Amino acid sequence: MLALTVTPRVPKSIRLVEVSEPLKENGPVLVKTLSVGICGTDFEIVDGKYGEAPPHQRHLILGHEAIGEILEAPSKSPLSPGDLVTGIVRHPDPVPCSNCEVGEWDMCQNGLYTEHGIKGRDGFCSERYRCTPDLLIPVSPKLRRVGALVETTSVLAKAWEHIERIGSRARWKPSKVLITGAGPVGMMAALLGVQRGLEVHVYNRSSNSPKPELVQSLGAYFHTGSLQDICPDADIVIECTGVGQMVFDVMKMVALNGIVCLAGVSSRGRKLEIDFQSLNRTLVLDNNVIFGSVNANRRHYKFAVEALLKADIEWLERVITRRLPISQWQAAFDERPLGDIKTVLDFLL
Ligand code: BGC
């Protein structure tokens, strides 16, 4: 079968190649891949900066945001042929640690977890893959064309859950949310904020794209220009760019008792000169919390599917700005067109 592979840590080693059929030992459920979303992590892997092949294998099959259709499932499992599913990215570590033991692998304590298409486990960007039923999430047929967005949404469902848990340390009635970055992560953060009835402000460096219209049609406010002038009193900030200066700026902007969730993975190597003492003073005197959030467990995937079902499907379709057949995978990894939000590769073979 065809699969999109890389040799991790070897830049530009990405290829669409024939690989062997998925191993039975990976699980009794056989899934036919329909679409796979591409994200910043895939770009980092393709650039040779991230990623790890499965043990005893040189290549890694890419892809961790996928929707697929079940071809085979054990008769006793809750899944049946024809059902749509998303594969959960992270698998618990084998020890297991105290979090993985209870299904909270997104908070793995020892770092020995594996991640499909990222760390030590083949991804979903192949014609077929195999998995165990517990690491597959049923997806409604209504989400067939947008199911590749479930994974990104699950990451934000976790971020929102943790924001709310931190918020419950005192009486707290947040009203304003600032989201920096209107890429797929920012869009899904905004969707979940609007669904909570909050006033959502989305900041993006440029406005030359479908982003302003997409944000406004959600019922949120789109901003560009100087970050300082917009929403200086947000109760919640979800930082989705990972850009150092932006990360620093939002930490200073959040309201009293406010919470900043860092959801954007930065590339390494940029140095910033910052007045850390003043920042610390503000954080302490304002009871602020800054925390990072990554990945998602089964509960978050379920929330994500529910949230997408509540959303306007046509809006979700517009967040997917490019759909390419798998044969055109190269275009997906070339320079991204201006205004691109989410590129999806379709397996229409
Ligand atoms: C994925 C997460 C993953 C993270 C780090 C992100 O792109 O969405 O599920 O944990 O990369 O590998």
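All figures in this text were calculated on a predicted structure; none of them were measured in a lab.

Caption draft 1: Broad picture of the overall build of the protein chain. In terms of regular secondary structure, the protein chain is built from nine helices and 19 strands. The C-alpha radius of gyration of the protein chain comes to 20 Å, within 12% of the 20 Å expected for a compact globule of 349 residues. Sorting the 349 residues of the protein chain into buried and exposed places 54% on the buried side. Long-range contacts, defined here as pairs at least 24 residues apart, represent 70% of the contacts in the protein chain between residues at least 6 apart. By element, 52% of the accessible surface of the protein chain is carried by carbon and sulfur atoms, the whole surface being about 16200 Å². A gap of 1 Å separates the mean positions of the 39 positive and 40 negative side-chain charges of the protein chain.

Caption draft 2: Quick peek at the site of the ligand. Taken together, Cys39, Thr41, Tyr50, His64, Val89, Arg90, Glu115, Ile118, Glu151, Val155, Val294 and Asn295 form the complete shell of residues around the ligand. Glutamate 115 places a side-chain nitrogen or oxygen 2.6 Å from an oxygen atom of the ligand. Taking asparagine 295, its side chain carries an N or O atom lying 2.9 Å from an oxygen atom of the ligand. Coverage of the ligand by the protein amounts to 89% of the 310 Å² it exposes when considered alone. When grouped by side-chain class, the residues that make up the shell around the ligand number six nonpolar, three polar and three charged.

Reading the values: the criteria
- Residues numbered from 1 in each chain as written.
- Predicted model: local features only at pLDDT ≥ 70, side-chain atom pairs only at ≥ 80, totals over all residues.
- Heavy atoms only, no water.
- Helix = DSSP H or I, 4+ residues; strand = E, 2+ residues; numbered from the N terminus.
- Rg over C-alpha atoms; globule rule 2.2 N^0.38 Å.
- Buried < 20%, exposed > 50% of the residue type's maximum accessible area, 1.4 Å probe, protein only.
- Contact = heavy atoms within 4.5 Å.
- Areas by Shrake-Rupley, 256 points an atom, 1.4 Å probe, with all protein chains shown as cover.
- Lys, Arg positive; Asp, Glu negative; His and termini not counted.
- Charge placed at Lys NZ, Arg CZ, Asp CG, Glu CD.
- Near = heavy atom within 4 Å.
- Polar contact = N/O pair within 3.5 Å; in protein donor to acceptor, adjacent residues only side chain to side chain.
- Nonpolar A, V, L, I, M, F, W, Y, C, P; charged D, E, K, R; others polar.

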